[in-house]
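The lines below spell out each chain.
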Amino acid sequence: MRLFFLFSLLFYLPLAAQNEYFQQEVHYDIKVRLDDQLDELFADLQLKYVNNSSDTLRELWLHCWPRAYQDNTTAYARQELRNGDTDFHFSEVSERGTLDSLSFRVDGSPVDHTFDANNTDIALIRLNQGLLPGASILIETPFWVKIPASFSRLGRVGNSYQITQWYPKPAVYDQEGWHPMPYLDAGEYFAEFGSFKVAITLPENYVVGATGVLQESEEREWLLEKATQDRKVLSQRGDLADDYVVEAAPASATTNKTITYLAEDVHDFAWFADKRFKVLHDTLRLARTRFTEEGPRKSELGQKDKDQEAVDIWAFFTETEARYWTAATDYLKRATRFYSEHLGPYPYPQVSAVQSALSAGGGMEYPMITVIGLSQYAAELDEVLAHEVGHNWFQGILASNEREHPWLDEGLNSYYEQRYMATFYPNRPQSKILGRAINLDRLGYEYSSRLGVDQPPATPSDSLSFWNYWISAYSKPALSLHQLAARAGEDKVDAAFRAYYENWQFRHPGPEAFYAALEQYVNAAEVADFRAAIETTEPQEYLPEPAEDRFYQLKLISGQREADFKKLFYLPLLSSNRHDGLMAGLALHNRSLSPRKIEWIAAPLYGFKSKQLTGMAGARLRVPMASKSIRQLVLSSGVNSFSNFTLDTTQQAYAYRRIGARAELFFNHPAITLRRSSLFFQAVDISQNRPVFSGSPVPVGEQRQNELFFRLGYRWERRTEINPLQYALTLEYKDIGNEQSAFLANHLRLDARINGAYQYDQDKFLHWRIFGGYFLSNDLRESSRFGPSSLALVDNANSDYRYEELYFGRNAPTGNWGEQQLGLQQGGFRAPISRAFNFGQSNTYLMALNLDADLPFNTEGIPLGVFLDAGYYGTKATSSEPISGEFSWVAGPSLSFMGGKVGVFLPVVADPDTKALLLQRGNLLRRISFRLNLSEFLPWRWIDSKY
């Protein structure tokens, strides 16, 4: 069945508003036909453009934003990848969208148009003659829109349509010139005000919610009757859903209807159509609000005063989460009244909310209407609705340039949304982590700030990283406003907002206008502090004022930092290894959920088999660096000690002790490059207790062996989604001092590693890694003996000579399962071959390649793949023979979990020598190897690495 839409759209600026802020006057006349079998819009456009500026215009920039969905080269597509979302990148051609078939004529004469070389969703019309101030032109063109699947804002799911950012729309022209911008998912808009008349023809069983006021009385009566009936039915149902419901859409009616909407003084027009919509309606009468130095005052309603007319409240929703949406009109009324009383009168005749497909966050605002995605509970729906309604003031009426100053909309609006929730949900529990109430805004800010990766809220939206878009545009400005209100007084902050709104509505204010409004009511020092929070990354303390001095409090696991007392955290620990057996103990630390400037942990354990005290302790100091090239210096040190050798005859366990110190400089990179790099220096002292026999069959004492390592290294990574890349260079010097052993030796070694991946399909990767190591000097170079720190093709406990990882079975007997736990430091060979065979060891050089590939077909959620390892290394059969090169390889199926932190590998094919050594291990289970990088599961190391 075919579906047709006809539009007649007028968009113009009031003549009375011809001043420096209203520089355009445009009139649209559009006729559109939509084929719902192909999801295409065919349109003819007439656009009268009046130049109300004082400049002669010789060109006109137009946003053609449906073109953002046409391929993987657009700014939208690039941003999605940068933010880790590959849905659009790997979508089918049939799911893509575009706007095309433009052929412009100006006053009847053809004119050329081009698309921006870097952003194909921006068009440029070069006028044949300059458009003088006050003069007008008539622009005509056909255009065609292919509506994409629901990737972002414009989209469709079946025959449910979300028609937003859909028509060719002039960019803003102001004192700074033109403001053309590509469509983005994270980062919104800057648009000029106008008035719309939209006539839509479509099958009569569609329910439509739109910007503007519905004009046809018959359609309005139909909606009101439906709203009455829907409210009655919903009130009687006891089976309303509170989650997502798969709801089939009825067939389209065979007869059409035409409905018309009018909207004045708005900068955009959006509409939503669905045959399944339920409808609720209510009205809200707002008293005229006058603002004085004492605050808002309300006058009596005047029936003939346009500003006093009742505001229509509409809610459109499907069966999904209907239990929550039955209260939507109450939420909308309350939010509209709240913002009107705190900021200024709501100037529009309706407020609408639509529950529909949305892939660009929890909600998205348009003038007079907002579209809402899924909520988890009723209060969350109320919160999102309040936030989106509030955008009518900040994004809709003030209409700042959000692309350049996202905080002026999102941050200011978040402040009042939070006050709304505090007013109507005073006892609502905060978000919880580990069962404790958490201020997520403060946690997010503190996390990024303490790691030195935060960005000022004044950063343009497309220069903010994925996490910083939330922190800088939403959280930090709201936190700073709460702090300002706490210091200066909430009444003064409210007065500044009212003045800002009254003076700058419909005028596109920038940051200076807001600062100036604050300075009218708040002292200059407080405003300067607020401005510094917005424009710099100077550390801010968003803690409540301390109520009283308290002693340290002890809390389980971790929590959020507070001002009125200090917290220590504890965590009971259980662990085990072959030599210490079961270990029990307690970790005591000061690390809150967010990083601290100084962090420490002490985790003593007792080994019930070894009868030894084991465990670890460490501390870290973060030093912010006031440098454009260096973001942070991190100084750390630690000690750990476990048993790593058991004497078979006496079952006596002997321990090692590792003491390490590290200094690491983290360099600055623009956040959107997704790059990280650092330079580090490390010193490690390894001390091992071993038995002394002195010719006796039983030990007569103990001796301590010491090795000292100095390491200098550089690490670099690019965390892109499709082809991430990392590399590292490390120079290591080992000093054994006066130790005397045939297997201990001084060395100087250079290691290089490069690894990356290629995502060839949705969540399907080919991972690769190349390692190379070369001894610049080595006391064992001419020897056929291999010490613990020789290069190793197999990374297991025996080759972890610096004791950097945690293993269950160090120095296990040959063939023991402990050899099956692998790391990933040198060769990465996934074959549990005992070190006793001198396999894959070298005192000269080693090169290795590791490949992992996900299977290219559906494995029903099982992370099944294949692996291939290959290595070439220099070795000597005897000390008298020259160094020869050996090549080994192994491959088989694999299971990989948690980003490679956990893996299981079964070597099934290999070169003959490797195969023979594997067969000596026995049955299949003894040949399986597993990767369990336990140190990666230390909570702060895992979480901090995300930033």
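Residues numbered from 1 in each chain as written. Predicted model: local features only at pLDDT ≥ 70, side-chain atom pairs only at ≥ 80, totals over all residues. Heavy atoms only, no water.

Here we take up the overall build of the protein. If you tally the helices and strands in the protein, you get 14 helices and 50 strands. Relative to its 947 residues, the protein shows a buried fraction of 53%. Put simply, of all contacts in the protein between residues at least 6 apart along the chain, 67% involve residues at least 24 apart. Taken as a whole, the protein presents about 40200 Å² of accessible surface, with 55% of it coming from carbon and sulfur. (Helix = DSSP H or I, 4+ residues; strand = E, 2+ residues; numbered from the N terminus. Buried < 20%, exposed > 50% of the residue type's maximum accessible area, 1.4 Å probe, protein only. Contact = heavy atoms within 4.5 Å. Areas by Shrake-Rupley, 256 points an atom, 1.4 Å probe, with all protein chains shown as cover.)

Moving on, we come to a negative patch on the surface. Negative charge collects at one region of the surface, where D87, E92, D761 and D763 lie side by side. Turning to its location among the elements, D761 is positioned in strand β40 (residues 747-761). D761 sits in the partly exposed class, given a relative accessible area of 36%. (Patch = residues over 30% accessible without salt bridge, like charges linked within 9 Å, V, L, I, M, F, W, Y side chains within 5 Å. Salt bridge = Lys/Arg side-chain N within 4 Å of Asp/Glu carboxyl O. Lys, Arg positive; Asp, Glu negative; His and termini not counted. Charge placed at Lys NZ, Arg CZ, Asp CG, Glu CD.)

All right, on to the sheet that holds strand β27 (residues 369-372) then. Judged by pairing direction, the sheet is mixed, and its 5 strands sit side by side in the order β21-β24-β25-β27-β26 without closing on themselves. What marks the edges here is a single partner per strand, and that holds for β21 (278-284) and β26 (363-366). The average angle at which neighbouring strand axes cross in this sheet is 15 degrees, direction not considered. Packed on one face of the sheet, helix α2 (residues 217-236) meets β21 and β24 (311-317) and runs near 105 degrees to β21. Packing of helix α4 (residues 328-342) onto the sheet brings it into contact with β21, β24 and β25 (350-355), and relative to β21 it is tilted by some 35 degrees. (Pairing = 2+ DSSP bridges. Axes fitted to C-alpha atoms, helices over the stretch in contact; angles between N-to-C directions.)

So, about empty space enclosed by the protein. Under the counting rule described, the total for this entry stands at 8 cavities of 30 Å³ or more. Its volume calculated, the largest cavity comes out at about 100 Å³. Around the largest cavity, the lining comprises 14 residues; the ones closest to its centre are G212, L214, Y261, W314 and Q350. Of all the secondary structure elements, the ones that give two or more residues to the lining of the largest cavity are β17 (207-210), β18 (213-214), α2, β24 and β25. Counted by class, the lining of the largest cavity contains 8 nonpolar, 4 polar and 2 charged residues. (1 Å grid on protein atoms, 1.4 Å probe; cavity = no way out; pocket = protein on both sides within 12 Å on 5 of 7 lines; lining within 4 Å. Points joined across faces, edges and corners; volume = space filled by probe spheres on them. Nonpolar A, V, L, I, M, F, W, Y, C, P; charged D, E, K, R; others polar.)

As a further point, take a nonpolar patch on the surface. A surface patch of nonpolar side chains, amounting to about 770 Å² of accessible area, comprises L679, F681, F710, L712, L731, Y733, L750, Y774 and L776. Listing elements by their share of the nonpolar patch, those giving two or more residues are β37 (675-692), β38 (701-718), β39 (725-735) and β41 (764-778). Take L731: it is sitting in strand β39.

The next point concerns α4. Residues that lie three or four places apart on an α-helix share one face, since the helix turns once every 3.6 residues. Compared with an ideal rise of 1.5 Å per residue, which puts 15 residues at 21 Å, α4 spans 21 Å between its outermost C-alpha atoms and is within 8% of the ideal. Of all 15 residues making up α4, 11 are buried, and the element is well covered by its neighbours. Looking only at α4, the buried set comprises A328, T329, Y331, L332, K333, A335, T336, F338, Y339, S340 and H342. (Expected span 1.5 Å × (residues − 1).)

The next subject is helix α10 (residues 511-521). Along α10, the residues that are buried comprise P511, A513, F514, Y515, A517 and L518. The elements touched by buried residues of α10 are α6 (410-424), α8 (466-488), α9 (490-504) and α11 (524-535).

Structurally, E535 is set in helix α11. Assessed through its relative accessible area of 35%, E535 is described here as partly exposed. As a C-alpha pair, E535 and T459 span 76 residues in sequence and 7.9 Å in three-dimensional space. Here Y515 takes part through its side chain, which lies 3.2 Å from a polar atom of the side chain of E535. (Polar contact = N/O pair within 3.5 Å; in protein donor to acceptor, adjacent residues only side chain to side chain.)

Here we come to the pattern of salt bridges. Counted by the stated rule, this structure contains 40 salt bridges. Notably, a salt bridge pairs E664 with R715, separated by 2.7 Å at the nearest N-O pair. Note that E664 is positioned in strand β36 (residues 653-667) and R715 in strand β38, a separation of 51 residues in sequence. Assessed through its relative accessible area of 5%, E664 is described here as buried.

Ordered in space as β8-β9-β4-β13, the 4 strands form an open sheet in which the pairing is antiparallel. Two strands in the sheet have a free side with no partner beyond their single neighbour: β8 (113-115) and β13 (169-170). One ladder, built from 3 bridges, connects β8 with strand β9 (residues 122-131); its direction is antiparallel. Bridging across to β9, F115 finds its partner in A123.

At a minimum axis separation of 11 Å, helix α5 (residues 378-398) and α9 run at an interaxial angle of 35 degrees. The hand of the α5/α9 crossing is left-handed. Across the interface between the two elements, W393, F394, I397 and L398 of α5 pack against F497, Y500, Y501 and W504 of α9. Within the contact of α5 with α9, the residues separate by chemical class into 8 nonpolar, no polar and no charged. (Left-handed = near helix turned anticlockwise from the far one by under 90°.)

Our focus in this paragraph is the nonpolar core. Y49, F497 and F514 are the most contacted members of the largest nonpolar core, which has 145 residues in total. In terms of residue count, α5 provides more of this core than any other element does, 9 residues in total. Every residue in contact with F497, bar those within four places of it in the chain, is listed here: L343, F394, L412, Y415, Y416, L481 and F514. Counting 19 residues, the second-largest nonpolar core is a separate cluster that includes F771, F775, F829 and L918. (Core = buried A, V, L, I, M, F, W, Y, C linked by side-chain atoms within 4.5 Å.)

Turning our eyes to something else, we now look at the side chain of S91. Note on placement: S91 falls in the loop between α1 (75-82) and β5 (98-100). Residue classification places S91 among the buried positions, given a relative accessible area of 12%. Polar side-chain contacts of S91 include one of 2.7 Å to the backbone oxygen of F88. Looking at S91, its side chain comes within polar contact range of the side chain of R96, at 2.6 Å. Not counting residues up to four positions away in its chain, the partners in contact with S91 are R96 and F151.

What follows concerns the pairing of strand β50 (residues 929-932). Where burial is concerned, the two faces of β50 differ: the one with S929 and R931 is buried and the one with F930 and L932 is not. Bridging between strand β43 (residues 821-822) and β50 involves 2 bridges; their strand directions are parallel. Paired with Q821 across the two strands is F930, which belongs to β50. Sheet topology note: the strand β48 (residues 902-905)/β50 ladder contains 4 bridges and is antiparallel. Bridging from a neighbouring strand, F905 pairs with S929 of β50.

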